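Remarks on the overall topology
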Amino acid sequence: MDWITEILNVTWNFIVLFLNENIPLVVGSVKAVIIAVAIMSVVPALVWLERRLMGRFQVRLGPNRVGPFGLGQPMADTVKLLFKESIIQSSADKFLFHLAPAVVVITAIAAFAVIPFGEPFEVFGQTIEMWGANVNSGILFVFAISGMGIYGMVLAGLSSNNKYSLMGGLRSSAQMISYELTLGLSALSIILLTGSLSLVDMVRAQETYPFILVQPLAFLLFFIAGIAETNRAPFDLPEAEQELVAGFHTEYTGMKFAMFFMGEYINMVTMSALVTLLFLGGWNAYGLPVWPIVSFAVKVFFLLCVFIWLRSTFPRIRYDRLMTFGWKILLPLCLLNLMVTSTVKVIWFP
Amino acid sequence: MELLIFYPLAGFCVVLALGVVLNNSPVGSAISLIGMMLGLAGIFVLQQAHFLAILQIIIYAGAIMVLFMFVIMLLNLKEGDDTGWIARERNLLLSVLTGLLAVGILYKISGILFTAEMDTPAILPDSFGTVATIGETLFTDFVLPFEVASILLLAAMVGAVVLAKTKLD
Amino acid sequence: MLEDSVPLSHYLMLSATLFVIGIVGVLIRRNVIVVFMSIEIMLNAVNISLIAFDNYMNLSNGQIFSFMVICVAAAEVSVGLAIIIAVHRNKPTVNLDEFNLLKW
């Protein structure tokens, strides 16, 4: 048995040597795993929160049977979805049908790679940064990845071979292209103020005051466009039940159906995190004695509650109104805001 | 390391480009083209052109291809009703000629290319390919083309609206 | 060997290959949307060589050119697809050979 221990020893030495020489690689991988797992495990909690809050908003109880306060409900739902039969219609395009939910979830998680959570700190002589990657054009990366997320819905609509799905896919692509403009243009005024595309720099520029104080209009536009981008009520036209059954995911069952929802909730978290970073000062606590990451999490949590609050308050708007609102009201307001911001910046703060 | 990334990526792009041309369903072609554009964005990153890579994803893969998908959905094109091949009996000669032409072009170009002398990239400053550098060049040396491009886009926008509208009033 | 960088000619070769694939697509396919996509392949192929030259000569001009190419592609696609929709409304086909009359 000597040769086995020999091989194990050599392997172990190699692993230790490799890890010692590639500490950044190890740290990066661990961070990636932690971020991905954390994001995915936020989803069930968010579903529970949404159902409980919606219940309260509509003067009913919400789920309260499984466990204390209905906390076991997400678990029960997951088990149910896992054991459901996965039905694929014979007329569907099999490959694209399987690809669509994967695209939705992958793009949703990938966008989180550049979202920073706090200042770097030191452990065992290693500087641990609280972000996956500090790309020098982080915000563009988020927009690019969330732009790719459209394909999940488009492919689901195309491959299902179902009129309602097709309509849902059409609607989602038109809606997301239209509102992406507003999203980008309102973020542009923040880019003008900080002079950088890196999300970390944007947070550092807000150390004295959050940008919502100087850019209230941009904040409003960004948040509205963000709701439309994540396909949340009152802009959830791609999945309007009364008109389209369930929109692009009509034909999906079981876990593939759940993956669309996972994508939607992760996008909601990403959007809240982006609004926090751009307008609410990120992890800056402005004198309150809390950890940066707690400050960040509280702001994101508050925005998520606002998302749910809006959903239970406003009725769904009509489709043509949605397009008119996007192109004829939000976009001109964005351009106006951008013009005023750049003029003020050039004249008073050159 | 660059070699290790470049060749798989280049192969990926070429295979997907062939997929665009040879696929029978327009949806399949569009998916291949999206994949190819993402691969090209990877190649741009390899060449340190980070801003162009992101533009490639946002504009090409994120907007132009969505437009293609949108039209494919609008016209409701499916696999069966696509007869878009030239290579039928009466056009056999033509397709052979096309193939010969393609091979000829590739042969001619490759003959010129392998005499190219530059084997190593220039020593690049850190600012190469960033938004700041490109913006500076764009708004100093290339202001006129930039403005012309904006007018072109405006004209295209108006043109698209006029063409796609069912009835003008 | 792994430390070597890719010679410029390989980037140009990739660019040429993609360009030829695009040409072949335009020549052999009759589906108007696929022909359009082949044109996009050609435009992209040119971008590769522009950026490769930039990288090997430390310039920014090539990147500006590819930026312009992307602009032109966006304009071309929006107008072209609008034309396809307008034609499809009059004659429900996407086969280029059948677009042979000025008036239906």
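Structural notes, computed from the coordinates. (Residues numbered from 1 in each chain as written. Chains lettered and ligands numbered in written order. Predicted model: local features only at pLDDT ≥ 70, side-chain atom pairs only at ≥ 80, totals over all residues.)

Describing the overall build of chain A
For chain A, the count of helices and strands is 13 helices and 2 strands. Here chain A has a C-alpha radius of gyration of 23 Å; the compact-globule value for 350 residues is 20 Å, and the two agree. Relative to its full complement of 350 residues, chain A shows a buried share of 41%. (Helix = DSSP H or I, 4+ residues; strand = E, 2+ residues; numbered from the N terminus. Rg over C-alpha atoms; globule rule 2.2 N^0.38 Å. Buried ≥ 20, exposed ≤ 12 C-beta atoms within 10 Å, placed from the backbone.)

Notes on the overall build of chain C
Scanning chain C for helices and strands turns up 3 helices and 0 strands. Taken from N to C terminus, the helices and strands of chain C fall in the order α-α-α. Against the compact-globule benchmark of 13 Å for 104 residues, chain C has a radius of gyration of 18 Å, which places it well outside the compact range. The C-alpha extent of chain C, read off along each of the three principal axes, is 60 × 25 × 20 Å. Taken over 104 residues, chain C has a buried fraction of 55%. Considering only intrachain contacts with a sequence separation of at least 6, the fraction spanning at least 24 residues in chain C is 45%. (Contact = placed C-beta atoms within 7 Å.)

What about the interface of chain B and chain C?
With 75 residues of chain B in contact, the opposing surface of chain C contributes 62 residues. Those elements that provide at least two residues to the side of chain B that touches chain C are α1 (2-22), α2 (26-46), α3 (50-75), α4 (92-113), α5 (131-140) and α6 (143-164) of chain B. Broken down by element, the residue count for the side of chain B that touches chain C peaks at 12 residues, all from α3 of chain B. Taken together, the residues of the side of chain B that touches chain C sort by class into 59 nonpolar, 13 polar and 3 charged. (Nonpolar A, V, L, I, M, F, W, Y, C, P; charged D, E, K, R; others polar.)

Quick word on the arrangement of the chains
Highest in contacts among the 2 pairs of chains that touch are chains B and C. Nothing in chain A touches chain C; the tightest C-alpha to C-alpha distance between them is still 13 Å.

Quick word on the packing of helix α6 (residues 150-159) of chain A against helix α7 (residues 163-194) of chain A
All names here are of chain A. The N-to-C vectors of α6 and α7 enclose an angle of 155°; their axes lie 7 Å apart at closest approach. Relative to α7, the element α6 lies roughly antiparallel. Crossing hand, α6 versus α7: left-handed. Contact residues: Ile150, Met153, Val154, Ala156, Gly157 and Leu158 in α6; Ser165, Leu166, Gly168, Gly169, Leu170, Ser172, Ser173 and Met176 in α7. Residue composition of the contact of α6 with α7, grouped by class: 8 nonpolar, 6 polar and no charged. (Axes fitted to C-alpha atoms, helices over the stretch in contact; angles between N-to-C directions. Parallel < 35°, antiparallel > 145°, perpendicular 65-115°, else oblique. Left-handed = near helix turned anticlockwise from the far one by under 90°.)

A closer look at the interface of chain A and chain B
Every contact between the two is made by 20 residues of chain A and, on the other side, 17 residues of chain B. Of all elements in the fold, only α5 (138-148), α6 and α7 of chain A reach the threshold of two or more residues within the side of chain A that touches chain B. In terms of residue class, the side of chain A that touches chain B is made up of 14 nonpolar, 6 polar and no charged.

A short note on helix α9 (residues 216-229) of chain A
Residue and element names in this part refer to chain A. Its 14 residues place the ends of α9 20 Å apart at the C-alpha level, agreeing with the 20 Å of an ideal helix rising 1.5 Å per residue. The buried count for α9 comes to 11 of 14 residues, which makes it a mostly enclosed element. Of all the positions in α9, only Ala218, Phe219, Leu221, Phe222, Phe223, Ile224, Ala225, Gly226, Ile227, Ala228 and Glu229 are classed as buried. Elements in contact with the buried residues of α9: α5, α7, α11 (254-279), α12 (292-313) and α13 (319-348). Once α9 finishes, Asn231 follows within two positions and takes phi at roughly 60°, a positive value. (Expected span 1.5 Å × (residues − 1).)

What to know about the nonpolar core
Counting 161 residues, the largest nonpolar core has Phe222 and Leu278 of chain A, Ala30 and Met65 of chain B together with Ile33 of chain C as the members making the most contacts within it. The greatest single-element share of this core, amounting to 16 residues, is contributed by α3 of chain B. When sequence neighbours within four positions are dropped, the list of residues in contact with Phe222 of chain A reads Leu183, Ser186, Ala187, Val275, Leu278 and Phe279 of chain A. (Core = buried A, V, L, I, M, F, W, Y, C linked by C-beta atoms within 7 Å.)

Observations regarding unusual backbone geometry
A positive phi angle is found at Asn231 of chain A, which is not glycine, with a value near 60°. Of note, Asn231 of chain A is situated in the loop between α9 and α10 (241-244). Look at Asn231 of chain A and you get buried, because 26 C-beta atoms sit within 10 Å. Of note in this structure, Asn58 of chain C is not a glycine but carries a positive phi near 55°. Topologically, Asn58 of chain C is positioned in the loop between α2 (32-57) and α3 (61-90).

Describing the environment of Thr250 of chain A
All names here are of chain A. By secondary structure assignment, the location of Thr250 is in the loop between α10 and α11. The class for Thr250 is buried, based on 20 C-beta atoms found within 10 Å. In this structure the C-alpha to C-alpha distance between Thr250 and Phe18, which are 232 residues apart in sequence, comes to 49 Å.

Digging into the packing of α3 of chain B against α3 of chain C
A pair of packed helices can be characterised by two numbers: the angle between their axes and the separation between those axes. Two elements in contact, α3 of chain B and α3 of chain C, have axes separated by 11 Å at closest approach and are oriented at 5°. In terms of their interaxial angle, α3 of chain B and α3 of chain C are classed as roughly parallel. The segment α3 of chain B lies against α3 of chain C, with Leu52, Leu55, Ile59, Tyr60, Ala63, Ile64, Leu67, Val71, Leu74 and Leu75 of chain B engaging Gln63, Ser66, Phe67, Ile70, Ala73, Ala74, Val77, Ser78, Leu81, Ile84, Ile85 and His88 of chain C. Classifying every residue of the contact of α3 of chain B with α3 of chain C gives 18 nonpolar, 4 polar and no charged.

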